[in-house]
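Here's the letter readout for the chains.
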Amino acid sequence: MLASTSDIIKTVPRVVESQREIFFEIGCYIYRTSFAVMELQTTENPPENAREILESLSRSINEAKDLVSGCRRRSFVEEDGSLPSDDSNIRSTISQLEEVIKRAGEILRSIPSSTFIDNEYSEMAVRSIASEMQNAQFKVLQKEEAAEEQVTEEAQREPIESSDLYPTNADFSTNDSQVLDTKLPQLIQFLRRPTSSISRNQGLKNHRSISTASFPDMAIEPLYETFCCPLTKQVMEDPVTIQSGVTFERKAITKWFQDEFESSPEAVCPVTALKLTNTSLRPNVALRTTIEEWKERNEAAKIKVCRAALSLASTASMAVEAVRNLQQICTRNPFNKMQVCNAGILPLLDNFLSHKDRDVRIAVLEFLVDLAEEDDGKARVPSLSAGNDCKNSGLVSSCETPVKWPPGPEEVQIEMASYLGEISLGHESQKTYVADRASPVLIRMVHNGNALTRRAAFKALAQISSYHPNANTLTEAGILHIMVEEMFTRRIYNEPMDSKNEAAAILANILEAGVELQNLKVNSYGHKLTSDYVVYNIIHMLNNSTPEELNINLIRIILCLADSPNSMATIVSVVKKQSEVSYNLIELINNPHEELGVSAIKLLIKLSPYMGHTVIERLCKTRGLPENLILDETAGTTARTTERQALSALFLAKLPHKNLTLNLALVGLVPRILDSINQIQSSGTRSSRHSSAYLEGLVGVLVRFTSTLYEPQMLFLARTHNFTSVFTQLLLTKTSNDEVQRLSAFGLENLSAESVNLSKPPKTKKPTSLGKSFSMRNFLSFGSSNKRRAPLCPVHRGVCSSQDTFCLVDANAVERLLTCLDHENAKVVDAALSAICTLLDDRVDIESSIAMLIGKNAVKQILHVVTEHGSEALRHKCFWFLERFLESGADSSVGDISMDRSLPAIVISAFHHGDGNTRQMAEKILGHLNRVPNYGTTHFTM
């Protein structure tokens, strides 16, 4: 029958759209009878005349096939597709087809009600099909009418989706919100129309966008005998073929062989009774694939039937049965959950949330909860609002107002709040709307409800608060008072859920949204969110809490409170006084829970500027620290940098640099740090989103050692690993961001400041006459020897090298530092300028240093900095630099300075508006400019 009906569509003649639709409608009617056919095959109570009914339907379909085929053979149509004016054969054919459809409808009408047992919606669908087919009428248009209708249709046709009861092309994804927003509303608009608005005798005449390609997919295919295992008589899941060539279900044939061997040493085929020489099982991949495809087609068709039943549901029992069937379909194959979402069923279910019958509401809610769960228990994201306005959702309206549905309104309210905590609301306006309407009721449910009610309400509030723009709405609804009460004072015995963690999570979400903290009251006693009362209680909870999730949320709250100066002072005071708190925080660094360790490090970084030495003291007394903070990354080429690694390095870098205790504890980590830096430079910072921060931390740790070079061990470390060369290379490498460049320049400044102390002229002894003659002979004999005295550094007046004395000139670092002066980041420019200024220190050879800097065009670079950057500290350094050059009297540098037209105005402005040191430096520069000969056309006076 299915093959015959498929042939009908393939043999449709080439006619204009208006005539072709008649054949499409005929084919659609015949395909819809397949639903009744399957019901007759699968029902547990078939009628006595089932065989006669099937044979009658088969004869009708074959007759329709012959009529359409004959129509094609006779080629009734003209080139433009219209009917010939002198030929009435096409009219006769369509009239005969109409009679065939009506007879098929009468056959379907003859199926007794007892066939459907309790499947009320199936009976409704079959009766509807039968009624439409009995009243089917097909109007054949003349040539002029056909042309006129075709023009009208082309002018009025809208690009809508197929809106029959069983649409098939629904393979779009719920993740594509644009497709959902544009296509689903049209489908929903059709499905929401009352059944009475669709005339039974019109059938599918109003829906002419159906294509022939979609018809076969609409059929619910019958069960083929080859799909069933001969032993179990059930559809096979894992078909395997034995030696005899018969295919069985793997589990069934395996059990058969086991039972056979117990009674007989020889194995036989259970179907053919042939003896088998072996019991090997060969997977029947082709059959398994065919069965899976058959299941997918049938399940897709069943979903469409259930959707049609929901759209036509006239009784509560019909709706419940359709929902239960959908639930069973999704249970058998979790992939069908996505098919249900794609089929536009969610908006229909949303409508049933407001149904007057309690059983309907409960069934729908249970199914929605199932849809919201992945196979592993995690939340899915079926958006209830994909095709339905959230403002009209029965879910929100049922949560926001007292439920008046007897009996058991509390159960329904709990289910609705639970589902509200599961779904993903796609659009911002919908998220805001839910917060506005549902939050007050959810907060009351937390405050006054029982354990189940509170659990559902907490879940929904956590979902709502995760969207930061809802923070103010929740705050105005009074959520802070309830959440703080849940955390500090609420004590509920015999309750299966501890609400502290849920309350802390919601409070952290709200605070992270950036709400104003200063004036938020949290209880009736007038305590504010930033008060000592709140801070002490949260820190006390953190110090005595063991659940990891609660500790994470408490630290999140403390990090937000630390943005308030008053709260930060209280936090620092408590942590300093209660040593146990700081030790516990440091212990959390090594916690195996990744997120908890990360949160603890973030808090310690926040506290470091206020109590860095205290943190170092307790850090060095903790077992395994600080060595474990920098991991051995020998496998760094394969392992990605984690957030925990990056924050650990940054934590060590931000602690006070001049703390010798910590620096000595970190000495052994230097080779590991340098290896990690090299790996990041070779692989690039794009290998991990935390690589850049990790590199900052590693470079910052190296800079620590340059702050305590007075310690012999630090000095030996810097020489051994050639820190000068390391920082010079980091200045302009591709992997270096602004902070890495700033730190590298800062490290070079510290190293260069020690160059004067380390670079000393070599001591020479007065040679004797014998020594003179020996030296002369050596000179004459070994004049080509490589053992010559190293040249003296013109700046430091001694023997220098980048490795031993940290000389910037020998390391070629001056050029790179001058290049950094063109940087847009003022902090990088400031650090680079500070490093260059060490070459103009009073202890070096100023004239030689100025000559060297003039040769590298340093004056123009400094003038550019003065013009581009207006910070007080940076201008002060630039003025000091320029004053050194003007004081030296070098003609080229004085000429460059005096020729700069913008400098006088900047210096005069600094003289009038700068601080004391800047004003003094500006006055000296102006004094030099007045005594400078007129190298240009401009002469400056005070």
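Residues numbered from 1 in each chain as written. Predicted model: local features only at pLDDT ≥ 70, side-chain atom pairs only at ≥ 80, totals over all residues. Heavy atoms only, no water.

- Taking an unreviewed UniProt entry as the reference, the protein is identified by name as RING-type E3 ubiquitin transferase belonging to Linum tenue.
- Word for word, the UniProt comment on the protein under Catalytic activity (unreviewed entry) is "S-ubiquitinyl-[E2 ubiquitin-conjugating enzyme]-L-cysteine + [acceptor protein]-L-lysine = [E2 ubiquitin-conjugating enzyme]-L-cysteine + N(6)-ubiquitinyl-[acceptor protein]-L-lysine."
- We quote the UniProt Pathway (unreviewed entry) comment for the protein here in full: "Protein modification; protein ubiquitination." (UniProt positions renumbered as here; feature names shortened; annotations may be inferred.)

### Things to note about the overall build of the protein
Part 1 of the reasoning: Scanning the protein for helices and strands turns up 43 helices and seven strands.
Part 2 of the reasoning: For the protein, the proportion of its 942 residues judged to be buried stands at 51%.
Part 3 of the reasoning: Sequence-distant contacts, at least 24 apart, represent 72% of the contacts inside the protein between residues at least 6 apart.
Part 4 of the reasoning: Accessible surface computed for the protein: about 45300 Å², of which carbon and sulfur atoms make up 49%. (Helix = DSSP H or I, 4+ residues; strand = E, 2+ residues; numbered from the N terminus. Buried < 20%, exposed > 50% of the residue type's maximum accessible area, 1.4 Å probe, protein only. Contact = heavy atoms within 4.5 Å. Areas by Shrake-Rupley, 256 points an atom, 1.4 Å probe, with all protein chains shown as cover.)

### Points about the side chain of threonine 641
Part 1 of the reasoning: Counting through the fold element by element, threonine 641 comes out in the loop between α26 (594-620) and α27 (643-654).
Part 2 of the reasoning: Beyond its immediate stretch of four places on either side in the chain, threonine 641 contacts Ser688, His690, Ser691 and Tyr694.

### Section: helix α4 (residues 89-109)
Part 1 of the reasoning: Between its first and last C-alpha atoms α4 spans 30 Å; for 21 residues at 1.5 Å apiece the expected length is 30 Å, and the two agree.
Part 2 of the reasoning: Taken as a whole, α4 has its buried residues at Ile90, Thr93, Ile94, Leu97, Glu98, Val100, Ile101, Ala104, Gly105, Ile107 and Leu108. (Expected span 1.5 Å × (residues − 1).)

### Re the pattern of salt bridges
Part 1 of the reasoning: Counted by the stated rule, this structure contains 18 salt bridges.
Part 2 of the reasoning: Across the salt bridge formed by arginine 51 and glutamate 55, the nearest N and O atoms sit 3.3 Å from each other. Placement of the pair is arginine 51 and glutamate 55 together in helix α3 (residues 50-74), with a separation of four residues, close to one helical turn.
Part 3 of the reasoning: Classification of arginine 51 by relative accessible area gives exposed; the value is 62%.
Part 4 of the reasoning: Classification of glutamate 55 by relative accessible area gives partly exposed; the value is 35%.
Part 5 of the reasoning: Ionic pairing is found between glutamate 237 and lysine 295, a salt bridge with its closest N-O pair at 2.7 Å. With glutamate 237 in the loop between α8 (215-218) and β1 (239-241) and lysine 295 in helix α10 (residues 285-312), this pair connects stretches of sequence that are 58 residues apart. (Salt bridge = Lys/Arg side-chain N within 4 Å of Asp/Glu carboxyl O.)

### What about the packing of helix α22 (residues 532-544) against helix α23 (residues 548-561)?
Part 1 of the reasoning: Put simply, α22 and α23 touch, their axes get as near as 10 Å, and they point 150° apart. Classified by the interaxial angle, the pair formed by α22 and α23 is roughly antiparallel. In terms of crossing hand, the pair formed by α22 and α23 is left-handed. Between α22 and α23, the contacting residues are Val534, Val535, Ile538, Ile539, Met541 and Leu542 on the first element and Leu550, Asn551, Leu554, Ile555, Ile557, Ile558 and Leu561 on the second.
Part 2 of the reasoning: The residue inventory of the contact of α22 with α23, partitioned by class, reads 12 nonpolar, one polar and no charged. (Axes fitted to C-alpha atoms, helices over the stretch in contact; angles between N-to-C directions. Parallel < 35°, antiparallel > 145°, perpendicular 65-115°, else oblique. Left-handed = near helix turned anticlockwise from the far one by under 90°. Nonpolar A, V, L, I, M, F, W, Y, C, P; charged D, E, K, R; others polar.)

### Structural notes on the nonpolar core
Part 1 of the reasoning: With 172 residues, the main nonpolar core has Phe651, Leu702 and Phe705 as its most contacted residues.
Part 2 of the reasoning: With 12 residues, the single largest contributor to this core is α26.
Part 3 of the reasoning: What leucine 702 contacts, discounting residues up to four positions off in sequence, is Val670, Ile673, Leu674, Ile677, Phe723, Val726 and Phe727.
Part 4 of the reasoning: Counting residues in hydrophobic clusters, the runner-up holds 30 residues, among them Ile90, Val100, Ala130 and Ala136. (Core = buried A, V, L, I, M, F, W, Y, C linked by side-chain atoms within 4.5 Å.)

### Brief notes about the packing of helix α32 (residues 723-731) against helix α33 (residues 738-753)
Part 1 of the reasoning: Contact pair α32 / α33: the axes reach a minimum separation of 8 Å and the direction vectors enclose 150°. Comparing the axis directions of α32 and α33 gives the class roughly antiparallel. For the pair α32 and α33, the sense of crossing is left-handed. In contact with Phe723, Thr724, Phe727, Thr728, Leu730 and Leu731 of α32, α33 contributes Val740, Gln741, Ser744, Ala745, Gly747, Leu748 and Leu751.

### Some remarks on the packing of aromatic side chains
Each aromatic ring pair is summarised here by two numbers: the centre-to-centre distance and the angle between the ring planes.
Part 1 of the reasoning: Across all of its chains, the model carries five aromatic pairs by this definition.
Part 2 of the reasoning: Here phenylalanine 227 and tryptophan 294 contribute two aromatic rings whose centre-to-centre distance is 5.3 Å and whose plane-to-plane angle is 65°, an arrangement assigned as edge-to-face. Within this pair, whereas phenylalanine 227 is found in the loop between α8 and β1, its partner tryptophan 294 is found in helix α10, the two being separated by 67 residues in sequence. There is no split in this pair, since phenylalanine 227 and tryptophan 294 are both buried.
Part 3 of the reasoning: Feature note: the residues Phe705, Phe723 and Phe727 constitute an aromatic cluster, connected by ring pairs.
Part 4 of the reasoning: The positively charged end of arginine 618 is found above the aromatic ring belonging to tyrosine 583, 5.8 Å away from the centroid. (Phe/Tyr/Trp six-rings, centres within 6.5 Å; stacked < 30°, edge-to-face > 60°. Lys NZ or Arg CZ within 6 Å of the ring centre and 35° of its normal.)

### Looking at the environment of leucine 695
Part 1 of the reasoning: One can find leucine 695 in helix α30 (residues 691-706).
Part 2 of the reasoning: Between the C-alpha atom of leucine 695 and that of alanine 646, which follows or precedes it by 49 residues, the distance is 7.7 Å.

### A look at unusual backbone geometry
Part 1 of the reasoning: For the bond from leucine 625 to proline 626, the omega torsion is 5°, close enough to zero to count as cis.
Part 2 of the reasoning: Structurally, proline 626 is set in the loop between α26 and α27.
Part 3 of the reasoning: Phi angles above zero are rare outside glycine, and lysine 233 is one such case at about 60°.
Part 4 of the reasoning: Position of lysine 233 among the secondary structure elements: in the loop between α8 and β1.
Part 5 of the reasoning: The phi dihedral of asparagine 857 falls on the positive side, at around 60°, and the residue is not glycine.
Part 6 of the reasoning: With respect to the helices, strands and loops of the structure, asparagine 857 is situated in the loop between α38 (846-855) and α39 (858-868).

### Re the environment of serine 95
Part 1 of the reasoning: Its place among the elements puts serine 95 in helix α4.
Part 2 of the reasoning: When the C-alpha atoms of serine 95 and glutamine 137 are compared, they prove to be 8.8 Å apart, with 42 residues separating the residues in sequence.

### Points about the confidence of the model for the protein
Part 1 of the reasoning: Mean pLDDT over the protein: 75, with 72% of residues reaching 70 or higher.
Part 2 of the reasoning: Here residues 400-408 is a poorly scored stretch, pLDDT under 50, and it has 16 contacts once near neighbours within four places are set aside; other chains count.
Part 3 of the reasoning: For the stretch residues 634-638, pLDDT sits under 50, and the model shows three contacts to residues farther than four places along the chain or on other chains. (pLDDT = per-residue confidence, 0-100.)

### Re the sheet that holds strand β5 (residues 282-283)
Part 1 of the reasoning: Overall, antiparallel pairing links the three strands, which are arranged β2-β1-β5 in an open sheet. Either end of the sheet is taken by a strand with one partner, and the two such strands are β2 (247-249) and β5. (Pairing = 2+ DSSP bridges.)

### A short note on the environment of isoleucine 552
Part 1 of the reasoning: Within the secondary structure, isoleucine 552 is located in helix α23.
Part 2 of the reasoning: Expressed as a C-alpha distance, the spacing of isoleucine 552 and glycine 597, which sit 45 residues apart in the sequence, is 8.8 Å.
Part 3 of the reasoning: Not counting residues within four places of it along the chain, the set of residues in contact with isoleucine 552 comprises His593, Glu595, Leu596 and Ser599.

### Some remarks on the state of the cysteines
Part 1 of the reasoning: Scanning all chains against the criterion turns up zero disulfides.
Part 2 of the reasoning: The closest cysteine sulfur to the non-disulfide-bonded cysteine 807 is located on cysteine 793, 3.9 Å from its own sulfur. (Disulfide = S-S within 2.5 Å.)

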